[in-house]
Protein chains: 2
Amino acid sequence: MVWTDRIDQPTLVLNAARCRANIARMAQRARTAGVSLRPHSKTHQCCEIAEWLRAAGVTGLTVSSLAMAEYFRDEGGWKDIVIAFTVNPRQIKGILALASRCDRLGVLVESVATVRMLQEALRKGHEEQLPSDRAVTLDVWMDIDTGYHRTGLDWEAPETDILALARQIHLAGPHHTTRLAGLLVHPGHTYKTRSIAEVEEIHQKTLGSLYRVHDILDSDPDLPDKSQLPLSIGDTPTCSMLTDFGQDVSEIRPGNFVFYDVMQANIGACQLTDIAVAVACPVVAKQPALQQIVVYGGAVHLSKDRIVDAQGRTNFGKVATVTEDGWEIYGNDEVYVKSLSQEHGLIHADAHLMQSVQIGDILLILPIHSCLAANLHKRYQLLDGTELSAVHIPKPL
Amino acid sequence: MVWTDRIDQPTLVLNAARCRANIARMAQRARTAGVSLRPHSKTHQCCEIAEWLRAAGVTGLTVSSLAMAEYFRDEGGWKDIVIAFTVNPRQIKGILALASRCDRLGVLVESVATVRMLQEALRKGHEEQLPSDRAVTLDVWMDIDTGYHRTGLDWEAPETDILALARQIHLAGPHHTTRLAGLLVHPGHTYKTRSIAEVEEIHQKTLGSLYRVHDILDSDPDLPDKSQLPLSIGDTPTCSMLTDFGQDVSEIRPGNFVFYDVMQANIGACQLTDIAVAVACPVVAKQPALQQIVVYGGAVHLSKDRIVDAQGRTNFGKVATVTEDGWEIYGNDEVYVKSLSQEHGLIHADAHLMQSVQIGDILLILPIHSCLAANLHKRYQLLDGTELSAVHIPKPL
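This is a predicted model, so every value here is computed, not measured. Per chain, residues are indexed from 1 in the order of the written sequence. Chain letters start at A and ligand numbers start at 1, both assigned in the order the entries are written. Two thresholds apply to this predicted model, a pLDDT of at least 70 for residue-level local features and 80 or more for giving and counting side-chain atom pairs, whereas whole-chain, interface and lining totals are computed over all residues. The side-chain figures draw on all heavy atoms in the structure; neither hydrogens nor water molecules are used.

What about the overall build of chain A?
So, point 1. If you tally the helices and strands in chain A, you get 12 helices and 21 strands.
So, point 2. For 397 residues, the compact-globule estimate of 2.2 N^0.38 gives 21 Å, and chain A sits close to it at 23 Å.
So, point 3. Dimensions along the principal axes, computed over C-alpha positions, put chain A at roughly 75 × 45 × 35 Å.
So, point 4. When burial is assessed residue by residue, chain A has 60% of its 397 residues classed as buried. Secondary structure follows DSSP: runs of H or I at least 4 residues long count as helices, runs of E at least 2 residues long count as strands, and numbering of each begins at the N terminus. For this measure, only C-alpha atoms enter the radius of gyration; the expected value for a globule follows 2.2 Å times N^0.38, where N is the number of residues. Categorising residues by exposure relies on relative accessible area from a 1.4 Å probe, with only protein chains included: less than 20% of the type maximum marks a residue as buried, more than 50% marks it as exposed, and the intermediate range marks it as partly exposed.

What follows is the structure in structure tokens.
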């Protein structure tokens, strides 16, 4: 008996011990650095894994959608959540309903227009429905763009724009229903780095950018002073590779670190042996003339995310072989997943793998991007054959 | 009231009239060419859409997994199905169980080893469980690689190899439990073409390759003659762009044509106005300095599939705007989806779109690859607000 004996189709396998070690390590880093850890839980979307985070001292989560926040509130009892996604005006009603069931619900904004929509809805809610002792206050974070250029108010925006947003959050409305929670940044451009020096450089620029905005807010006597405006940063490379996150940073929000993946290993944020998830794939064909092994395991099991690796190849996954108690990375770097279609994976194989693997065997593929692979499977099989079942599955519309 | 008023999160919208027109057109092409149409239903994975195919005269389906075949058999009553995926030895028991409930179940092989495993299981099944009048026969197609190099026996393989596979299927075993169904090819290299001339060239090479294998089989007196060994070809570009599929081709298996997508339009297999699905995405931020609009709609809604478009840009989707009864492609080719993260989409916008679209509006994104987008959503909202509910959702392990 091997642990893969009962696997008959592409299956996301989780090495729980490795995942818990990743969690313990990040919790320790946060403690040492004196910051709190609010893990981004879009990576796992699983209440059982969230319990492992709780056991490591985590008291608040980050998520990327309202539905995910509702899931962790209702299925996991989490009452301190940040939805790290620019407020979607079409879901404000749901956001407020959720806020009334949380101790602290944080949201992200970058425009005065969106804050006004939030405040209008909060006022309506307060006037029409809610008794005054149930008054909802939303934690509103200013999302700052420090160079990733995905979302956020540009850190170099004119002072008047920065102050206008902060003042709208903090001062407008008779009820002070929106609380200026602090400054938040996702420096996702670390994903393009390949060394600790590059990550450190981005981090220093990120801090410098945040400090400018912080100082601008501090200069306005109507706004809370610096000490009341925490800085929240988050991305797995920075949080995995640096130890000092800088003055005034009070919170880190890495997500991917619970599993890691080939992309993170490529950046240098982890070792390949830290990766806690792999997709077990049945071998269905061997084509020695093409130096190719075909597995059942494709884009619907791994996602079409890819890296261009050190050899300049477009790489869709790293190959590993089954061991008694898990998997072992296949040593030859020439062996990789060269192509994925909907259900097929094509592995570029060397002579040894071609000989040692038979049709019907299992090979494992370490995902390039574990968040997307986990989202596709929505279930985890542990190495002992049991399954984590508490996974977020969006409800029908 | 606009039809998008009730959409509050990324939603896959299906223009049913357009989908049915795509189906009618392909059914007509097949009739004109004198071939039968066995649509690949991995694209839609939906019994209600399969009924639209049935209404157009379709009597058999193609699928890409055992689970999908079970779904169409059990939920849709389809009894003539080809699982167009190399037999996975770990699922043979399930394949045989399904075969016993179908009139014809077809599978693909490329190796003698796999055929032997099938025959062994069939023999065991017959001896141990099945009464003789329930003897299962499997339709076994020889998967031929004519140049795509994903799966299949190389069309240039030595005659002895080609005959060995055919003879193993046709002759081995006391029960003749595997029936040599014919030759099957998926010439997926048409996806790299950009003109009808290139598609025609691939098709002629494909036919030439199949004819070689056909003639080899025909020369063996122990095997069925050519007329009993149909040729099945399939890929949306060939089936959409050519009208004559060639002598002895009896079946076509396109799949993507029910929806089409930006990739197919890029190849020339459809017009952008034929595309029947789009992801409706709420606008959450506008960043004029970056010429960028941020929508709620990312890799978990569209997949990370991409094309390098005619302008040399990596393109993750085509933008369309809401109209009274559907959507309209945004005219300026400079506007496209330039980046996707898990939940965010970044649209490169022109000045007009930047001005005319407001935070909270809906924009639509036509997927690069509609099969993967549909697989991520597992539901379809029609333009009248109703939903197709009969979608294949894999059961727990």
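A few points about the side chain of Q45 of chain B
So, point 1. Residue placement: Q45 of chain B occurs in the loop between β2 (36-37) and α2 (47-55).
So, point 2. Definition of a polar contact: a pair of N or O atoms within 3.5 Å, with one able to donate and the other able to accept a hydrogen when the atoms are protein atoms, and with sequence-neighbouring residues admitted only if both atoms are side-chain atoms. A polar contact is formed between the side chain of Q45 of chain B and the backbone oxygen of K42 of chain B, at a distance of 3.4 Å.
So, point 3. Here N375 of chain B takes part through its side chain, which lies 3.2 Å from a polar atom of the side chain of Q45 of chain B.
So, point 4. With sequence-adjacent residues up to four places away left out, Q45 of chain B is seen in contact with Q342 of chain A together with M68, Y71, F72, N375, K378, A390, V391 and H392 of chain B. What makes two residues a contact is simply this: any of their non-hydrogen atoms within 4.5 Å.

Some details on the packing of helix α1 (residues 16-33) of chain B against α2 of chain B
Residues and elements named next belong to chain B.
So, point 1. In this analysis an axis means a line fitted to C-alpha atoms, helices contributing only their contacting stretch, and an angle means the value between N-to-C directions, from 0 to 180 degrees. Remark: α1 packs on α2, axes separated minimally by 10 Å, with the N-to-C direction vectors making an angle of 40 degrees. Of the possible angle classes, the one that applies to α1 and α2 is oblique. The hand of the α1/α2 crossing is right-handed. Here A16, C19, R20 and I23 of α1 lie close against α2, whose contacting residues are I49, W52, L53 and A55. Put simply, angles under 35 degrees are roughly parallel, angles over 145 are roughly antiparallel, angles from 65 to 115 are roughly perpendicular, and the rest are oblique. Put simply, a crossing is left-handed when the front helix is turned counterclockwise from the back one by less than a right angle, and right-handed when it is turned clockwise.

Description of the packing of aromatic side chains
The geometry of an aromatic ring pair is captured by the separation of the ring centres together with the interplanar angle, meaning the angle of the planes.
Residue and element names in this part refer to chain A.
So, point 1. By convention, a stacked pair of Phe, Tyr or Trp rings (six-membered ring in the case of Trp) has centres within 6.5 Å and planes under 30 degrees apart, an edge-to-face pair has planes over 60 apart, and any other such pair is tilted. Summed over the entire model, instances satisfying the criterion amount to six aromatic pairs over all chains.
So, point 2. For the ring pair Y71 and F72, a centre distance of 4.9 Å and an interplane angle of 65 degrees mean the geometry is edge-to-face.
So, point 3. Under the relative-accessibility criterion, F72 is labelled buried at 0%.
So, point 4. Either the NZ atom of lysine or the CZ atom of arginine qualifies as a charge over a ring when it sits within 6 Å of the ring centre and within 35 degrees of the ring normal. Positioned over the ring face of W78 is R54, at 4.0 Å from the centre of the ring.

Some details on α1 of chain B
Residues and elements named next belong to chain B.
So, point 1. How far a helix is expected to stretch is found by multiplying one less than its residue total by 1.5 Å. In this model, α1 (18 residues) spans 26 Å end to end at C-alpha, consistent with the 26 Å of a helix rising 1.5 Å per residue.
So, point 2. Where α1 is buried, its residues touch β1 (11-14), β2, α2, α8 (236-241), β10 (249-252) and β20 (380-382).
So, point 3. Backbone nitrogen of A17 and a side-chain oxygen of the N-cap are separated by 3.3 Å at the start of α1; the cap is N15.

Quick word on the pattern of salt bridges
If the charged atoms of two oppositely charged side chains come close together, the side chains can form a pair.
So, point 1. Each salt bridge in this description consists of a side-chain nitrogen of Lys or Arg and a carboxyl oxygen of Asp or Glu lying within 4 Å of one another. For the coordinates displayed, the defined rule picks out 36 salt bridges over all chains.
So, point 2. We note a salt bridge from D305 of chain A to K304 of chain B, for which the minimum N-O separation is 3.0 Å. Taken together, the positions of D305 of chain A in the loop between α10 (299-302) and β13 (307-308) and K304 of chain B in the loop between α10 (299-302) and β13 (307-308) put the pair across two chains. The residues D305 of chain A and K304 of chain B share a single accessibility class, namely buried.
So, point 3. A cluster of three or more residues bridged by salt bridges with shared partners is formed by R38, D80, R104, D139, R179 and E251 of chain A.

A closer look at the relation of the copies chain B and chain A
So, point 1. Copy-to-copy superposition: least squares on the C-alpha atoms, limited to residues that have pLDDT of at least 70 in both copies. Least-squares fitting of chain B to chain A yields an RMSD of 0.0 Å, with the transformation described by 0.0 Å of translation along the axis and a rotation of 180 degrees. The transformation relating the two chain copies, once decomposed into turn and shift, fits a two-fold axis. Within chain B, the C-alpha atom positioned nearest to the axis of rotation is that of K304 of chain B, 2.6 Å from it.
So, point 2. Mapped onto chain A, 100% of the interface residues of chain B are again interface residues, and the two copies thus contact each other with one and the same surface.

Some details on the interface of chain B and chain A
One frequent convention defines the size of an interface as the accessible area lost when the parts assemble.
So, point 1. Every contact between the two is made by 62 residues of chain B and, on the other side, 62 residues of chain A.
So, point 2. Computed with a 1.4 Å rolling probe, the buried area is the accessible surface lost when two parts are put together, summed over both parts. Interface area for chain B against chain A, summed over the two sides, is near 5000 Å², with a carbon-plus-sulfur share of 55%.
So, point 3. At the junction of chain B with chain A, the criterion picks out two salt bridges.
So, point 4. Contributions of two or more residues to the side of chain B that touches chain A are made by β4 (80-86), α5 (112-128), β11 (277-287), β12 (292-296), α10, β18 (344-348) and α12 (370-377) of chain B.
So, point 5. With five residues, the top contributor of residues to the side of chain B that touches chain A is β11 of chain B.
So, point 6. Polarity classes work like this: nonpolar for Ala, Val, Leu, Ile, Met, Phe, Trp, Tyr, Cys and Pro, charged for Asp, Glu, Lys and Arg, and polar for all others, with Gly in that last group. Grouping the amino acids of the side of chain B that touches chain A by side-chain chemistry returns 25 nonpolar, 22 polar and 15 charged.

Re the nonpolar core
So, point 1. In this text, buried Ala, Val, Leu, Ile, Met, Phe, Trp, Tyr and Cys residues form a nonpolar core when linked through side-chain atoms within 4.5 Å. Within the largest apolar cluster, 126 residues are counted, with the highest numbers of intra-cluster contacts made by L14, F72, L138, M142, L217, L353 and Y380 of chain B.
So, point 2. Residues contacting L14 of chain B, with those up to four places away along its chain left out, are C19, I49, W52, F259, A276, V277, Y380, Q381, L382, L383 and L388 of chain B.
So, point 3. Counting 125 residues, the second-largest nonpolar core is a separate cluster that includes I7, I81, V249 and I307 of chain A.

Focus on the pairing of strand β8 (residues 178-185) of chain A
Residue and element names in this part refer to chain A.
So, point 1. Across the eight residues that make up β8, a large majority, seven, are buried.
So, point 2. By this definition, two strands are paired if DSSP reports at least two bridges between them. Of the pairings in the sheet, the one linking strand β6 (residues 138-145) to β8 comprises six bridges and is parallel in character. In the sheet register, W141 faces β8, and the bridge partner there is G182.
So, point 3. Pairing between β8 and strand β9 (residues 231-233): three bridges, direction parallel. Bridging from a neighbouring strand, L184 pairs with S232 of β9.
So, point 4. Handedness is read with the strands pointing away from the viewer; a crossover is right-handed when the path from the first strand over the helix to the second is clockwise. In this fold, β8 hands off to helix α7 (residues 196-218), which returns the chain to β9; that crossover is right-handed.

This is a description of form; function is not addressed.
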